[in-house]
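Listed here are the chains, written in short residue letters.
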Amino acid sequence: MRRTAEDAAATRAALLDAALAVIARDGYPATRLEEVAKHAGVTRGALYHHFSGKAELFDAAVAARWAEVAGEVFGDLDGAEPALRRLERFVAGYARRARIEPRFRELLTVVVLRTGSRPELAPGLREKQQATDLWLEALLPTLAEAEAAGELRAGLDARAAAGDVLTALYGVTVLCALPDGADTGLVDAGRLARTIVRGLGR
C-alpha cells in the first residue's frame, strides 16, 4: 500500500512538472493532455486519475511550483540586518532567480506569457490576484520596520513602498519571462536591488 501511495505521488509530481514544461513551450491553448502525459512518461489514463482536465492540472501545477519556490524567495527577508538591507537582498534574489533558475523562470514564463485569457482559468487567475495581495502583505513587516527606524524617505509609508517594490518586480518578471536573451543587459540583480532601495531610503 505504501509503495502504491508513493507511486501515485511520484506520478502526480511528474505530471505537474510536465504541464509547466509543455505549456511554457507550446502555450496553454495549444497544450494537449496527451503531450503532457507523454512528457511525464505516463499514460493519459494516469493523468485523468489525478486531474479532471487541463484547467485543473494547470492550476495545480502553478500552485505547486509557487509553493516550492516561495519559502526560499521570502527567506531573503529574514535576518537581523537593517530592514532595507534585507529588502535589497530579497529584490536581488528574486531577480537572480528569475534570470538563472530554470524552474522559477519556467513558472514566470507560463504565468506571464503563455496562458492567455481563457474563461476556464478565471478562478485560478483570481487566486493569483489574491496571491499578489499576499506578496504585498509579506513585504509590509520589513518595510514597516524600515519606516519605524526612519529608513524610508520622507513622505513614503510602508504600504506605498511595498507597492513600488512589487511594481518593479513585475517588470523583472516580464523581462525574464521573455525568450532567452531578451533581457540581456537590462536585468542586473544587484544593480536593480541597489537602485530600488536607494529610491526608497533617505
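Starting afresh in each chain, residues are numbered from 1 along the sequence in its written order. Owing to the predicted nature of the model, reporting of local features is limited to residues with pLDDT of at least 70; listing and counting of side-chain atom pairs is limited to 80 or more, with chain, interface and lining totals taken over all residues. Calculation of side-chain values draws on the structure's entire complement of heavy atoms; hydrogens and water are dropped beforehand.

Undergrad: Outline the overall build of the protein chain, listing residues and values.
TA: Looking only at helices and strands, the protein chain features 9 helices and 0 strands. Classification of residues uses two cut-offs on accessible area relative to the type maximum, computed with a 1.4 Å probe and protein chains only: under 20% is buried, over 50% is exposed, and between them is partly exposed. In the protein chain, which comprises 202 residues, the proportion classed as buried is 40%. Throughout, a residue-residue contact means that at least one pair of heavy atoms, one from each residue, lies within 4.5 Å. Restricting to contacts in the protein chain with at least 6 residues of sequence separation, those with at least 24 account for 69%. Secondary structure elements are taken from DSSP: a helix is a run of H or I of four residues or more, a strand is a run of E of two residues or more, and numbering for both begins at the N terminus.

Undergrad: Break down the packing of aromatic side chains for me, citing the residues and quoting the values.
TA: Geometry of aromatic contacts follows a simple scheme: Phe, Tyr and Trp rings, the Trp one being its six-membered ring, pair when their centres are within 6.5 Å, and the pair is stacked under 30 degrees between planes, edge-to-face over 60, tilted otherwise. Inspection of every chain in the model, using the stated rule, returns 7 aromatic pairs. Taking the centre distance of 5.4 Å and the plane angle of 75° together, the rings of Tyr28 and Phe58 count as edge-to-face. In this pair, Tyr28 is assigned in the loop between α1 (2-26) and α2 (33-40) and Phe58 in helix α4 (residues 54-75), connecting sequence segments 30 residues apart. A centroid spacing of 5.7 Å and a plane angle of 75° characterise the contact between Trp66 and Trp135, whose relative ring orientation is edge-to-face. One end of the pair, Trp66, is in helix α4; the other, Trp135, is in helix α7 (residues 122-148), with 69 residues separating them in the sequence. With a relative accessible area of 24%, Trp66 lands in the partly exposed category. The class for Trp135 is buried, based on a relative accessible area of 16%. These aromatic residues form a ring-pair network of at least three members: Trp66, Phe74, Phe90, Tyr94, Phe104 and Trp135. The positively charged end of Lys54 is found above the aromatic ring belonging to Tyr28, 4.5 Å away from the centroid. For a lysine, the NZ atom is tested; for an arginine, the CZ atom; a charge sits over a ring if that atom is within 6 Å of the ring centre and within 35 degrees of the ring normal.

Undergrad: Run through the pattern of salt bridges, naming residues and quoting values.
TA: Whenever Lys or Arg places a side-chain nitrogen within 4 Å of a carboxyl oxygen from Asp or Glu, that contact is recorded as a salt bridge. Enumeration according to the criterion identifies 16 salt bridges in this entry. The residue Arg65 makes a salt bridge to Glu68 at a minimum N-O spacing of 3.8 Å. Of the two residues, Arg65 and Glu68 both sit in helix α4, 3 residues apart, roughly one turn of that helix. Among the salt bridges present, the one from Arg103 reaches Glu68, with a minimum N-O distance of 2.8 Å. With Arg103 in helix α6 (residues 102-112) and Glu68 in helix α4, the pair connects residues that are 35 residues apart, well separated along the chain.

Undergrad: I'd like a description of the nonpolar core, backed by residues and values.
TA: Judged by nonpolar contacts, the single largest core of 60 residues is most densely connected at Leu57, Leu87, Phe90, Leu139, Leu143, Val165 and Leu200. Listed by contribution, the elements that provide at least two residues to this core are α1, α2, α4, α5 (83-100), α6, α7, α8 (158-177) and α9 (189-200). Residues in contact with Phe90, not counting those within four places in the same chain, are Val73, Phe74, Asp76, Leu77, Trp135, Leu139, Val165 and Leu169. Take the buried Ala, Val, Leu, Ile, Met, Phe, Trp, Tyr and Cys residues and link them wherever side-chain atoms come within 4.5 Å; each set so joined is a nonpolar core.

Undergrad: Hey, could you go over the packing of α6 against α8 for me, with residue numbers and the actual values?
TA: Angles shown run from 0 to 180 degrees and are taken between the N-to-C directions of axes, each axis being a line fitted to C-alpha atoms and, for helices, limited to the stretch in contact. Between α6 and α8, the shortest axis-to-axis distance is 9 Å and the interhelical angle comes to 100°. The orientation of α6 with respect to α8, classified from their angle, is roughly perpendicular. Across the interface between the two elements, Arg105, Leu108, Thr109 and Val112 of α6 pack against Thr173, Val174, Cys176 and Ala177 of α8. The nonpolar class holds Ala, Val, Leu, Ile, Met, Phe, Trp, Tyr, Cys and Pro. Asp, Glu, Lys and Arg form the charged class, and all remaining residues, Gly among them, are polar. Classifying every residue of the contact of α6 with α8 by side-chain character gives 5 nonpolar, 2 polar and 1 charged. Roughly parallel covers angles under 35 degrees, roughly antiparallel covers those over 145, roughly perpendicular covers 65 to 115, and oblique covers all other angles.

Undergrad: Break down the side chain of Thr109 for me, with residues and values.
TA: With respect to the helices, strands and loops of the structure, Thr109 is situated in helix α6. Within the structure, the side chain of Thr109 is placed 3.5 Å from the backbone oxygen of Ala177, a separation counted as a polar contact. If near-sequence neighbours (up to four positions away) are discounted, Thr109 is found in contact with Ala24, Arg114 and Ala177. Here a polar contact is taken to be a pair of N or O atoms separated by no more than 3.5 Å, where protein atoms must pair a possible hydrogen donor with a possible acceptor and residues adjacent in sequence count only if both atoms sit in side chains.

Undergrad: How would you explain α2 if you had to name every residue and give the values?
TA: Of the positions making up α2, those classed as buried are Leu33, Val36, Ala37 and Ala40. The buried residues of α2 occupy one face: seen down the axis, they fall within an arc of 95°. Following α2 by one or two positions, Gly41 has its phi on the positive side, about 75°. Directions from the helix axis toward the C-beta atoms define the arc.

Undergrad: Please give an account of the environment of Val165 that cites residues and values.
TA: Within the secondary structure layout, Val165 lies in helix α8. Judged by relative accessible area, Val165 falls into the buried class, the value being 0%. Residues within four places of Val165 in sequence aside, it is in contact with Leu87, Phe90, Val91, Leu139, Ile196 and Leu200.

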